[in-house]
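# Structural characterization, general
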Amino acid sequence: MGEVTILKALLATAWLLCVPADQITDYSSTEEVAGSSRLVTCACENRPNCPGTCSGHWCFFTVVHGVQSRGCFEQAQYETCRTARIPGLHISCCNNKDLCNEDLTEPKVPEVKPPASETGPDSVIMLVAVPLLLLLIVAMATCALVLWLRSRKPHYKDDDDAAMMKIPAGADPNYGDIFDEFCTSGSGTGLPYLVQRTMARQISLVECVGKGRYGEVWRGTWTGESVAVKIFSSRDEQSWFRETEIYNTVQLRHDNILGFIASDMTSKNSSTQLWLITHFHELGSLYDFLQYSSLDPEGCLRMCLSVASGLVHLHTEILSTQGKPAIAHRDLKSRNILVKRNGQCCIADLGLAVIHSQNNDYLDVGNNPRVGTKRYMAPEVLDESIRVEVFESYKQTDIWALGLVLWEITRRTVVNGIVEEYRPPFFDVVPSDPSFEEMRKVVCVDQYRPSLHNRLCSHPILSTIAKVMKECWFQSPPARLTALRVRKTLSKLDQDADQSTEKLKQDV
Ligand code: ADE
């Protein structure tokens, strides 16, 4: 992981070095700049909560994929002006007079010509050749180091089938190309840290959509688009570190994994604020969704298949330059799954995840004192027989939890006009917020399993999902299905259902 981090930093450096100068505009260098502590009035346009003008230390002007906005920056936000390096986004700043950003349009790089008297051969060497040479040496050294580190990077292997996986483009359609350009191109797994911080500080928090021991989740807006902001409670800071580390070092773009945008850490009145900014899904968590919605069998299958697909992506080690190590989630549950508008789900919260690379049998369990959710703990976690040094063990606990999530979804599925109320797993045998001991008694001693309603047996889709669930709940961890097997079974069901619908249409 350390190598990957260095590689990322070097790639970002190399990339910054390669940015053509004509993408960088700093009006402060050519115009008279007011004292940095003085406030100026700026034009404010196309920004959330934007009353026409605002007051700040700097006025900015941005063009994001052709859309212009204007507004104010605090002194500390001046570095934002350098985000001009994002393809598709141009930003420039000024503070030489009130409303100076009204005059800013498509920026031009000011030409700085040295006076004729200074352009003798010596000064040309000093001014042009030496910096160029230095730049060339630094760029070459960086590239050599990057290539060397790349050649040492482990090649990842698939966990189950020998086939190589192609990384899907995967981003939600409502998010701008800015995120995707960084995340799916050669520029790495995420935005450079400085850009992440800059974006985070441009977000306006709009409404709190969730609160818990972990902290709070807010809907925020960034350049007019909704984003989710998870604000971690200080007691859960290790989860922020882990999730930030994973999203920034592992290629995780997938339709069924919550899309990462940025992470930010700020100090406020001597306390630290930890933010994780992700795609926003207005339907909320699967847990919330199932409280007020029921599904038809096809909708149920779509959701179950999408969760299984997300888990396959996490569990699978991918061999390629843009590969990924295998990851086990360790806290899979309906509250950590979000429902998308297309009826699919995506898996969230990688704060407890463990990482494994088969190549050098490298297992990184992190150092988070948090444990998974007791209600979803597998028998071997509850009786503490889990082999903590073996990566497979963690995947097997995820499969136990996956079975419970499928059970929650099927309860809310209507078959023959019958549907059950939402209930959490083991609702009938443990109280709310069960203790470790209460769960252990039920799951390990009594070996109780969630009951399956009769209606499921009578339906071709639901009877297969019910069988899958039972095979996720074997007491013996290695006997359980793998995520890949679950996905394959559900994909087959999906294809069969599509074919019979097609045939029905043709027959009519
Ligand atoms: N609740 C938790 N995370 C969320 C997200 N990304 N979008 C919407 N609601 C959420």
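Below is a short write-up of the structure. (Residues numbered from 1 in each chain as written. Predicted model: local features only at pLDDT ≥ 70, side-chain atom pairs only at ≥ 80, totals over all residues. Heavy atoms only, no water.)

Here we come to the site of the ligand. The full set of residues close to the ligand is Val217, Ala228, Leu258, Thr278, His279, Phe280, His281 and Leu338. Histidine 279 places a polar main-chain atom, nitrogen or oxygen, 2.9 Å from a nitrogen atom of the ligand. A distance of 2.9 Å separates a nitrogen atom of the ligand from a polar atom in the backbone of histidine 281. In isolation the ligand offers 260 Å² of accessible surface; the protein chains occlude 83% of this area. Of the residues that constitute the shell around the ligand, the class distribution is five nonpolar, three polar and no charged. (Near = heavy atom within 4 Å. Polar contact = N/O pair within 3.5 Å; in protein donor to acceptor, adjacent residues only side chain to side chain. Areas by Shrake-Rupley, 256 points an atom, 1.4 Å probe, with all protein chains shown as cover. Nonpolar A, V, L, I, M, F, W, Y, C, P; charged D, E, K, R; others polar.)

Let us now look at the packing of helix H8 (residues 297-315) against helix H13 (residues 483-507). As a packed pair, H8 and H13 sit with axes 9 Å apart at the nearest point and diverge in direction by 145 degrees. For the pair H8 and H13, the sense of crossing is left-handed. Side by side, H8 and H13 meet where Leu301, Cys304, Leu305, Ala308, Ser309, Leu311, Val312 and His315 of the first sit next to Ala483, Leu484, Val486, Arg487, Leu490, Ser491, Leu493 and Asp494 of the second. Grouping the amino acids of the contact of H8 with H13 by side-chain chemistry returns eleven nonpolar, three polar and two charged. (Axes fitted to C-alpha atoms, helices over the stretch in contact; angles between N-to-C directions. Helix = DSSP H or I, 4+ residues; strand = E, 2+ residues; numbered from the N terminus. Left-handed = near helix turned anticlockwise from the far one by under 90°. Contact = heavy atoms within 4.5 Å.)

End to end, helix H6 (residues 237-249) covers 18 Å across 13 residues, agreeing with the expected 18 Å (1.5 Å per residue, within 8%). Residues Ser239, Trp240, Arg242, Glu243, Thr244, Ile246, Tyr247, Asn248 and Thr249 constitute the buried set of H6. (Expected span 1.5 Å × (residues − 1). Buried < 20%, exposed > 50% of the residue type's maximum accessible area, 1.4 Å probe, protein only.)

A few words on the sheet that holds strand E11 (residues 326-328). Pairing within the open sheet is antiparallel, and its three strands lie in the order E11-E14-E15. In this open sheet, the two strands that pair with only one neighbour each are E11 and strand E15 (362-364). Across the sheet, the mean angle separating the axes of adjacent strands is 15 degrees when strand polarity is ignored. Note: E11 against strand E14 (residues 354-357), three bridges, orientation antiparallel. Within E14, the residue paired with isoleucine 327 across the bridge is isoleucine 355. (Pairing = 2+ DSSP bridges.)

Within the structure shown, the criterion is met by two disulfides. A disulfide bridge connects cysteine 42 with cysteine 59, and the sulfur atoms are separated by 2.1 Å. Handedness of the cysteine 42-cysteine 59 disulfide follows from its S-S torsion of about -75 degrees: it is left-handed. Residue cysteine 42 is located in strand E1 (residues 40-43), and its partner cysteine 59 is located in strand E3 (residues 58-64); the two are separated by 17 residues in the primary sequence. A single burial state applies to cysteine 42 and to cysteine 59, both of which are buried. The side chain of cysteine 94 participates in a disulfide bridge whose partner is cysteine 100; the two sulfur atoms lie 2.2 Å from each other. An S-S torsion of about 95 degrees defines the bridge between cysteine 94 and cysteine 100 as right-handed. There is no split in this pair, since cysteine 94 and cysteine 100 are both buried. (Disulfide = S-S within 2.5 Å.)

Further remarks concern unusual backbone geometry. Although it is not a glycine, aspartate 361 sits at a positive phi angle of roughly 45 degrees. Position of aspartate 361 among the secondary structure elements: in the loop between E14 and E15. On the accessibility criterion, aspartate 361 (58% relative accessible area) is exposed. Positioned with a positive phi, glutamate 384 is a non-glycine residue whose angle comes to about 60 degrees.

It is worth spelling out the environment of serine 491 at this point. Turning to its location among the elements, serine 491 is positioned in helix H13. Residue class for serine 491 comes out partly exposed when judged on its relative accessible area of 21%. Sequence separation of serine 491 and arginine 302 is 189 residues, and the distance between their C-alpha atoms is 9.1 Å.

Okay, the sheet that holds strand E10 (residues 271-279) next. Within a sheet, each strand pairs with its neighbour through backbone hydrogen bonds, oriented either parallel or antiparallel. Across the sheet, five strands lie side by side as E6-E7-E8-E10-E9; this open sheet has antiparallel pairing. Looking along the sheet, the strands with just one partner apiece sit at the ends: strand E6 (204-212) and strand E9 (260-268). Recorded for the sheet is a direction-independent mean angle of 25 degrees between the axes of neighbouring strands. Direction of pairing for E9 relative to E10: antiparallel, over a ladder of eight bridges. Counted as the bridge partner of alanine 262 is isoleucine 277 from E10. Its contacts with the sheet place helix H5 (residues 193-200) against strand E7 (215-222), E9 and E10, and it is angled at close to 75 degrees to E9. Seen against the sheet, H6 touches strand E8 (225-232), E9 and E10 and runs at an angle of roughly 140 degrees to E9.

This part is about the nonpolar core. Of all hydrophobic cores here, the largest spans 74 residues; its most connected members are Leu286, Ile409, Ile465 and Leu490. The element best represented in this core is H8, accounting for ten residues. Look past the residues within four positions of isoleucine 465 in its chain and what remains in contact with it is Cys300, Leu301, Cys304, Leu406, Thr410, Leu490 and Leu493. Within the second largest apolar cluster, 13 residues are counted, among which are Leu191, Val229, Ile231 and Trp275. (Core = buried A, V, L, I, M, F, W, Y, C linked by side-chain atoms within 4.5 Å.)

Moving on to the pairing of E7. By the criterion of burial, E7 is predominantly enclosed, with six of the eight residues buried. Strand direction decides the pairing type here: E6 and E7, joined by seven bridges, are antiparallel. Along E7, the bridge assignment pairs cysteine 208 with tryptophan 218. Counting the residues between successive antiparallel strands, the hairpin from E6 to E7 contains two residues. With eight bridges connecting them, E7 and E8 associate as antiparallel partners. When the bridges of E8 are listed, tryptophan 218 appears paired with valine 229. In textbook terms, the turn of a hairpin is the stretch between consecutive antiparallel strands, and for E7 and E8 this stretch comprises two residues, one of which, threonine 223, has a positive phi near 40 degrees.

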